[in-house]
Amino acid sequence: MSATTSIPHAALRVSPSEVKPPRAVRRPGARRAARREGMFGYAMIALSMLFVTVFTFIPILASLGLSFFHWDVISPPTWAGLENYQRFFTDGPVLQSFGVTTVMAIAIVALQLTLGLFLAVLVNQRTSTFGRTFFRTAFYLPLLASTAAVAIFMGYLFDAKFGAINYYLGLLGMSDVPWLTSPFGAQVTIVLIVVWQQVGFTFVLFVSALMAVPTDVLEASSIDGAGPLRTLFRIKIPLISPTILFAAVIAFINAMQLFDQPFIMTKGGPGTATTTATISMYQTGFQNLQFGYSSAIAIILLLVILAITGIQFLASRKLVFYQ
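Residues numbered from 1 in each chain as written. Predicted model: local features only at pLDDT ≥ 70, side-chain atom pairs only at ≥ 80, totals over all residues. Heavy atoms only, no water.

Chemist: A description of the overall build of the protein chain should follow, citing residues and the corresponding values.
Modeler: When you go through the protein chain residue by residue, the secondary structure sums to 14 helices and two strands. Here the C-alpha radius of gyration of the protein chain, 30 Å, is well above what a compact globule of 323 residues would show, namely 20 Å. Split into buried and exposed, the 323 residues of the protein chain put 34% on the buried side. On the protein chain, roughly 20500 Å² of surface is accessible, and the fraction owed to carbon and sulfur atoms is 69%. Of the charged side chains in the protein chain, 20 are positive and 11 negative; the average position of the first set lies 18 Å away from that of the second. (Helix = DSSP H or I, 4+ residues; strand = E, 2+ residues; numbered from the N terminus. Rg over C-alpha atoms; globule rule 2.2 N^0.38 Å. Buried < 20%, exposed > 50% of the residue type's maximum accessible area, 1.4 Å probe, protein only. Areas by Shrake-Rupley, 256 points an atom, 1.4 Å probe, with all protein chains shown as cover. Lys, Arg positive; Asp, Glu negative; His and termini not counted. Charge placed at Lys NZ, Arg CZ, Asp CG, Glu CD.)

In structure tokens, the structure reads:
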């Protein structure tokens with residue numbers, strides 16, 4: 001009779017803390033692939049930082065340094081100290097150009113956000129996936145065109161004597177409109193052209209943000225009896241407010257640097273009605289050869305943009321809803 005050995009059940013019990021998960025064995029090929037992927041990521045970051053440093057940080061520092069000198073390119077630069085900055089606050093035409101820029105920037109941002117949001121809500125509610133793709137492409141196409149080419153084309157289109165718009169208005173029995181020959185008309189025309197070209201960017205942002213709104217929230221509001229307008233202003237707009245903030249900041253920064261459209265279409269006129277801060281900067285530096293003073297104008301414009309952008313972010317603490 002063979003002897004059998006019995007093992008107590010207690011000996012078979014193993015504490016969960018004593019059970020060690022199997023170690024994942026990484027093959028050498030996987031380690032090399034992860035190392036190459038990491039090196040590629042760092043290379044891309046370094047390339048981006050190099051691009052930003054060469055084309056952004058260095059020019060800003062060069063302009064800041066040059067703003068403390070008098071320099072006309074021909075003779076060596078001479079120390080000016082704060083004289084260029086003191087001159088700015090007593091220079092009426094340059095101060096007026098900053099006022100014109102601010103007014104036009106506010107109008108551009110307001111129209112761009114309002115029209116972009118209206119179109120995004122309309123397209124998001126009334127069209128299919130194919131329709132949204134079609135309209136996103138259609139509205140974004142003007143942004144891909146050259147700003148200078150658009151300005152030249154619009155200059156001919158809005159010409160007071162030979163423009164196509166006044167021609168068709170004449171066929172309807174209406175008198176010619178001084179689109180670019182009156183101060184107010186030139187400002188309104190340039191604002192409308194900029195909004196037409198830039199609205200596609202905000203439209204695409206808002207469509208994407210509206211598509212990301214949780215459907216359960218919309219269904220709950222519908223069950224509670226909220227109508228379309230109440231759902232828009234009480235639910236959708238608060239939920240996409242971070243996107244609205246981003247679009248407003250980008251639109252304002254671009255509008256404060258407005259140059260191509262007024263320079264090509266009106267040369268800053270009539271008079272100084274469309275002379276923006278960047279046009280004043282260009283005229284001071286490249287026409288009057290006062291590069292030190294032009295650099296001071298550029299630094300002040302940068303500080304104004306930073307200040308207003310900071311105000312936007314401070315206001316966003318109460319106006320922007322983060323999920």
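Chemist: Can you tell me about the layout of surface pockets, naming the residues and giving the values?
Modeler: Taken as a whole, the largest pocket spans an internal volume of roughly 350 Å³. Considering the residues around the largest pocket, the lining is formed by 14 residues, among which Ile60, Gln257, Ala298, Leu302 and Ile305 are closest to the centre. Elements supplying a minimum of two residues to the lining of the largest pocket: helix H2 (28-66), helix H13 (277-287) and helix H14 (291-319). No other element matches the seven residues that H14 contributes to the lining of the largest pocket. (1 Å grid on protein atoms, 1.4 Å probe; cavity = no way out; pocket = protein on both sides within 12 Å on 5 of 7 lines; lining within 4 Å. Points joined across faces, edges and corners; volume = space filled by probe spheres on them.)

Chemist: An account of the packing of aromatic side chains is needed here, citing residue identities and associated values.
Modeler: Within this structure, the stated rule accounts for 17 aromatic pairs. Relative to Phe286, the ring of Tyr282 lies with its centre 5.5 Å away and its plane at 25°, an arrangement referred to as stacked. Remark: Phe286 and Tyr282 occur in helix H13; sequence separation between them is four residues, near one turn of the helix. Within the aromatic cluster, the residues linked to one another by ring pairs are Trp71, Phe259, Phe263, Tyr282, Phe286 and Phe291. In this structure, Lys267 is placed above the aromatic ring of Phe263, and the distance from its NZ or CZ to the ring centre is 4.5 Å. (Phe/Tyr/Trp six-rings, centres within 6.5 Å; stacked < 30°, edge-to-face > 60°. Lys NZ or Arg CZ within 6 Å of the ring centre and 35° of its normal.)

Chemist: Tell me about the packing of helix H10 (residues 228-239) against helix H11 (residues 241-256), and name the residues and values.
Modeler: For the pair H10 and H11, the least separation of the axes is 4 Å and the interaxial angle reads 60°. Contacts between H10 and H11 involve Ile237, Pro238 and Leu239 on the former and, on the latter, Ser241, Pro242 and Ile244. Split into classes, the residues belonging to the contact of H10 with H11 amount to five nonpolar, one polar and no charged. (Axes fitted to C-alpha atoms, helices over the stretch in contact; angles between N-to-C directions. Contact = heavy atoms within 4.5 Å. Nonpolar A, V, L, I, M, F, W, Y, C, P; charged D, E, K, R; others polar.)

Chemist: So what about a nonpolar patch on the surface? Which residues, and what values?
Modeler: On the surface, Phe40, Met44, Leu47, Leu50, Phe51, Val54, Phe55 and Ile58 cluster together to form a nonpolar patch covering roughly 830 Å² of accessible area. Along the polypeptide, Phe55 turns up in helix H2. Here Phe55 falls in the exposed class, since its relative accessible area comes to 55%. (Patch = residues over 30% accessible without salt bridge, like charges linked within 9 Å, V, L, I, M, F, W, Y side chains within 5 Å. Salt bridge = Lys/Arg side-chain N within 4 Å of Asp/Glu carboxyl O.)

Chemist: So what about helix H6 (residues 147-157)? Which residues, and what values?
Modeler: Within H6, burial applies to Val150, Ala151, Met154 and Gly155. The buried side chains of H6 occupy one side of the element, clustering within an arc of 135° when seen end-on. Exposed side chains of H6 directed beyond 90 degrees from the buried face belong to Phe153 and Tyr156. On its buried face, H6 is in contact with helix H8 (183-211) and helix H12 (260-266). (Arc of directions from axis to C-beta.)

Chemist: Lay out the nonpolar core in plain terms, naming residues and giving numbers.
Modeler: Phe88, Phe98, Ile108, Phe206, Ile240, Ile297 and Leu301 are the most contacted members of the largest nonpolar core, which totals 46 residues. When residues of this core are traced back to their parent elements, those giving at least two are helix H3 (83-88), helix H4 (92-126), H8, H10, H11, H13 and H14. Beyond its immediate stretch of four places on either side in the chain, Ile108 contacts Val191, Val194, Val195, Ala255 and Leu258. In terms of nonpolar packing, the next biggest core, distinct from the first, is built from nine residues, Val150, Met154, Phe158 and Met265 among them. (Core = buried A, V, L, I, M, F, W, Y, C linked by side-chain atoms within 4.5 Å.)

Chemist: If you had to explain a positive patch on the surface to someone new, which residues and values would you point to?
Modeler: A cluster of basic residues, Arg31, Arg32, Arg35 and Arg36, forms a positive patch on the protein surface. Mapped onto the secondary structure, Arg31 falls in helix H2. The exposure class assigned to Arg31 is partly exposed, which follows from its relative accessible area of 38%.

Chemist: Explain the side chain of Thr284 to me, and be specific about the residues and the numbers.
Modeler: Its place among the elements puts Thr284 in helix H13. Discounting chain neighbours no more than four positions away, the residues touching Thr284 are Leu289, Gln290, Tyr293, Ser294 and Ile297.

Chemist: Describe the environment of Ala273, with residues and values.
Modeler: On the secondary structure map, Ala273 appears in the loop between H12 and H13. A C-alpha to C-alpha distance of 9.6 Å links Ala273 and Pro262, two positions 11 residues apart in sequence. Setting aside its immediate chain neighbours within four residues, Ala273 contacts Val100, Pro183, Gln187 and Gly268.

Chemist: Lay out unusual backbone geometry with the relevant residues and their values.
Modeler: Residue Pro270 follows Gly269 across a cis peptide bond; omega there is -5°. Relative to the helices and strands, Pro270 resides in the loop between H12 and H13. Phi at Val73 is positive, roughly 75°, even though this residue is not glycine. Its place among the elements puts Val73 in the loop between strand S1 (69-70) and strand S2 (78-79).

Chemist: Help me get a handle on the packing of helix H9 (residues 215-223) against H10, residues and values and all.
Modeler: Contact geometry for H9 and H10: axes closest at 11 Å, N-to-C directions at 165°. Accordingly, the angle class assigned to the pair H9 and H10 is roughly antiparallel. The handedness of the crossing between H9 and H10 comes out as right-handed. For the pair formed by H9 and H10, the contact residues are Val217, Leu218 and Ser221 on the first element and Thr231, Ile235, Lys236 and Leu239 on the second. Counted by class, the contact of H9 with H10 contains four nonpolar, two polar and one charged residues. (Parallel < 35°, antiparallel > 145°, perpendicular 65-115°, else oblique. Left-handed = near helix turned anticlockwise from the far one by under 90°.)

Just geometry here; none of it tells us what the structure is for.
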